[in-house]
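Secondary and tertiary structure notes
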Amino acid sequence: MGNVISQVDKEIQRLTEALIEQQQQDGSWRFCFENGTTIDAYVIILFRTLNIENEVLIQQLHARILAEQQPDGCWKLFSDEEDGNLSATVEAYYALLYSGYSQITDETMQRAKRYIQSKGGLGKVNSLLTKSILAATGQSKWPTSISSIPLELLLFPSSFPINFFEFSGYSRVHLTPMLIMADRDFSIQTTQTPDLSELISQSNDVEEQNSREFQEMQDSIQQGLSRLFGTPHKTHKAATTKAEQFILQRIESDGTLYSYASSTILMIFALLALGYDKQHQLITHAVQGITAMQFRSNGTTTIQNSPSTIWDTALLSYAMQESGIPADHVVIRRATAYLLSNQQNKLADWSIHNPNPIPGGWGFSETNTLNPDVDDTSAALRAIKSLSHTDSTYLDSWNRGLHWIISMQNKDGGWPAFEKNTNKEILTWLAIDGAKSAAIDPSEADLTGRTLEYLGNSAGLRTKHDFIKRGTNWLIHHQEKDGSWYGRWGICYIYGTWAALTGLKATGISSDHETIQKGVKWLLGIQNQDGGWGESCRSDRRKFYIPLGESTPSQTAWALDALISVHSQPTAAINKGINRLIASLQEDNWTTPYPTGAGLPGYIYIHYHSYRYIWPLLTLSHYRRKYGT
């Protein structure tokens, strides 16, 4: 036991010293939010379409994309993805050719071409983002899953069974530009645009087959259209104006739409469809915002979809305080001052379903002033807790954030990410792969567990409060039969189970409770021989646990933190895991960049460069705090 504590102490000191050195002057930590090659490819395609001559960046993105190609010619979203990823490969192939720095005769491009053709060509692409970029640049038709949705949907009042603000915020800012472009059958090409017609298989160039559920949704939309007043021409003109204004009203100060690179790229194409000139200020400003999202690390440049600065800074500040660094330390003071300056104070889309509270949330990125979320808010509140006891400014911030989080609880007792009570199943019937994950924003086990952990451990609330009781009941009733929970924003069942167990324990559920014991048994049952834990991103798509075969630092830390919260004394399994966690932090192998964050199942996975610090430091600190005296 003494030797374990000694090793824990040494690793905590190493991690905190490294973090102190990496803190920025403004108090933040800036780690890369790495999300595959998709955004890099879209940026090359966009820049070439707009004739933007940023050759240094284009060459850097070209080099990164090319370096990720697999021996069989494909690209993958994660290293153990079976048979590669067709959408990612099409994006990469298209961007590399469009850049001008790869030629169709290159051996690398020939391998990519053969892979794409072997998988059925462009007609077999599933990603709606990929389909939209291809359609916007004249490589394919607009998919019926988008072209069949009328712009008039934006005019439907809230009393209609289907209306625009029942979609998740993420869906709305991506769907609106797509609907504008599809409505106008928009496409744009230049003299440099590659010709991808060789990748179109005639046997697959058929209309999409829509499900019965999709047809039912279409029937609901048609009923809505019949209830709109005005001539079809005037109604359509009003819908077009509404769509344009929807976009313009959600542009952040850096020029991006909702602070996402993906939606901003679609916005630029939509503005072109509406007749905006390529040199229009809105477009040039948006390009600047996207360009500013680049991150250079280890000689490689990538475009982040949405920099994770607030998320990383909040979690790192909290983890360092848990490790023993006092709240009045200059590092913590600078970090919390940065967080305080980024608390949001606007009523935005989130207030449509939550009209009463005072704003008080935090977003993911510092440019995000419109789209706070529950997870980032609880992370920031954990970080400022200690200072709220001594400084009235932080106390006011704490109270606004706490009340905002409580107000965001869904009717079912759980918590969403961005907007409450946006969980209508009919919206998942869109004929869009991934609609079940993107179209709505329901209660999730990881969000509910993380929120309860904050409310219990930081705010001192327990199940005697009705809203806490409803939250714990939601978690208990949504446990999988094997004892795990599915986590939406991390990979995946380990993430969800950690969040659920720590949340239940923090709010007063006994370690002897059947739900807790089932969760612990599941975690112990999937522990690797080396003592760590590791889960494949394939779990996210298959919706059941799939082992990675190796241990990762963040997943090992999550599992250990859950076990530490339950056990009053360290067990052999915990100590073995701690030893493995410490050892893994000294290693650099294929698991180091393995994504353990989730964006959109099947399409967006995230390697948080910060996670190598955050979760191990937090878990080691909790181990020492609980067992080290």
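Scroll up to find the structure.
Below is a summary of the structure that appears in this document.

Cut-off values and rules
Chains are numbered independently. Their residues run from 1 in the order of the written sequence. For a predicted model such as this one, the threshold for reporting local features is a pLDDT of at least 70, and the threshold for listing and counting side-chain atom pairs is 80 or more; totals across whole chains, interfaces and linings nevertheless cover every residue. Hydrogens and waters are ignored; side-chain quantities use all the structure's heavy atoms. We count a salt bridge whenever a side-chain nitrogen from Lys or Arg sits within 4 Å of a carboxyl oxygen from Asp or Glu. In DSSP terms, a helix is any run of H or I states spanning at least four residues, a strand is any run of E spanning at least two, and both are numbered starting from the N terminus. Lines fitted to C-alpha atoms define the axes here, with helix axes fitted over just the stretch in contact, and angles between the N-to-C directions of these axes take values from 0 to 180 degrees. Handedness of each helix crossing follows the sense of rotation of the near helix against the far helix: counterclockwise by less than a right angle gives left-handed, clockwise gives right-handed. For this analysis, residues touch if any pair of their heavy atoms sits within 4.5 Å. The classification used treats Ala, Val, Leu, Ile, Met, Phe, Trp, Tyr, Cys and Pro as nonpolar, Asp, Glu, Lys and Arg as charged, and all other residues, Gly among them, as polar. Here a Phe, Tyr or Trp ring, Trp counted by its six-membered ring, pairs with any other such ring whose centre lies within 6.5 Å, and the pair is stacked when the planes are under 30 degrees apart, edge-to-face when over 60, and tilted otherwise. Here the nonpolar core consists of buried residues drawn from Ala, Val, Leu, Ile, Met, Phe, Trp, Tyr and Cys, with membership extended through side-chain atoms lying within 4.5 Å. Between buried and exposed lies partly exposed: a residue is buried under 20% and exposed over 50% of the maximum accessible area for its type, with that area taken using a 1.4 Å probe on protein chains only. DSSP bridges decide pairing: two strands pair if at least two such bridges lie between them. The disulfide criterion used throughout: a pair of cysteine sulfur atoms within 2.5 Å.

Structural notes on the pattern of salt bridges
Taken as a whole and judged by the stated rule, the model has 22 salt bridges. A salt bridge links E11 to R14, with the nearest nitrogen and oxygen atoms 2.5 Å apart. Here E11 pairs with R14, and both are found in helix α1 (residues 2-22), just three residues apart, close to one helical turn. D26 is the partner of R30 in a salt bridge, and the nearest nitrogen-oxygen pair spans 2.7 Å. One network of salt bridges, in which partners are shared, links D80, E82, R538 and R542.

Thoughts on the packing of helix α13 (residues 309-322) against helix α14 (residues 330-341)
As a packed pair, α13 and α14 sit with axes 10 Å apart at the nearest point and diverge in direction by 145°. Along this stretch, α13 crosses α14, giving a crossing that reads as left-handed. Across the interface between the two elements, T309, I310, T313, A314, S317, M320 and Q321 of α13 pack against V331, I332, A335, T336, Y338 and L339 of α14. Its residues assigned to classes, the contact of α13 with α14 comprises eight nonpolar, five polar and no charged.

Topic: the packing of aromatic side chains
A complete count under the given rule lists 28 aromatic pairs for this structure. Ring plane angle 85° and centroid distance 5.4 Å describe the contact between W522 and Y545, whose orientation is recorded as edge-to-face. On the criterion of sequence distance, the pair formed by W522 in helix α21 (residues 514-525) and Y545 in the loop between α22 (538-542) and α23 (553-566) is long-range, its members being 23 residues apart. Aromatic ring contacts, followed pair by pair, group F33, F364, Y495, W498, W558, Y608, Y611 and W615 into a single cluster.

Focus on the nonpolar core
In this structure, M181, F269, I578, W615 and Y623 are the most contacted members of the largest nonpolar core, which totals 202 residues. Excluding anything up to four places from it in sequence, W615 contacts W311, L315, R450, W498, S554, A557 and W558.

Focus on the sheet that holds strand β5 (residues 604-608)
Pairing in this open sheet of three strands is antiparallel, and the strands run β1-β5-β4 from one edge to the other. The sheet is open, and its two borders are formed by β1 (33-34) and β4 (597-600), each paired with just one other strand.

Let's talk about the pairing of strand β2 (residues 294-297)
Side chains F295 and S297 of β2 all project onto a buried face; the interleaved residues Q294 and R296 project onto a face where none is buried. Examined bridge by bridge, β2 and strand β3 (residues 300-303) share four bridges and lie antiparallel to one another. Note that in β3 the partner of S297 across the bridge is T300.

Regarding the state of the cysteines
Following the criterion strictly, the structure yields zero disulfides and no others. Looking at the unpaired C74, the closest cysteine sulfur is the one in C537, lying at 15 Å. C492 supplies the cysteine sulfur nearest to C537, a cysteine that is in no disulfide, at a spacing of 8.4 Å.

As for the side chain of Q321
Turning to its location among the elements, Q321 is positioned in helix α13. Overall, Q321 belongs to the buried group, its relative accessible area being 11%. Ignoring sequence-local partners within four residues, the contact set of Q321 consists of A327, I332, A383, S386 and R625.

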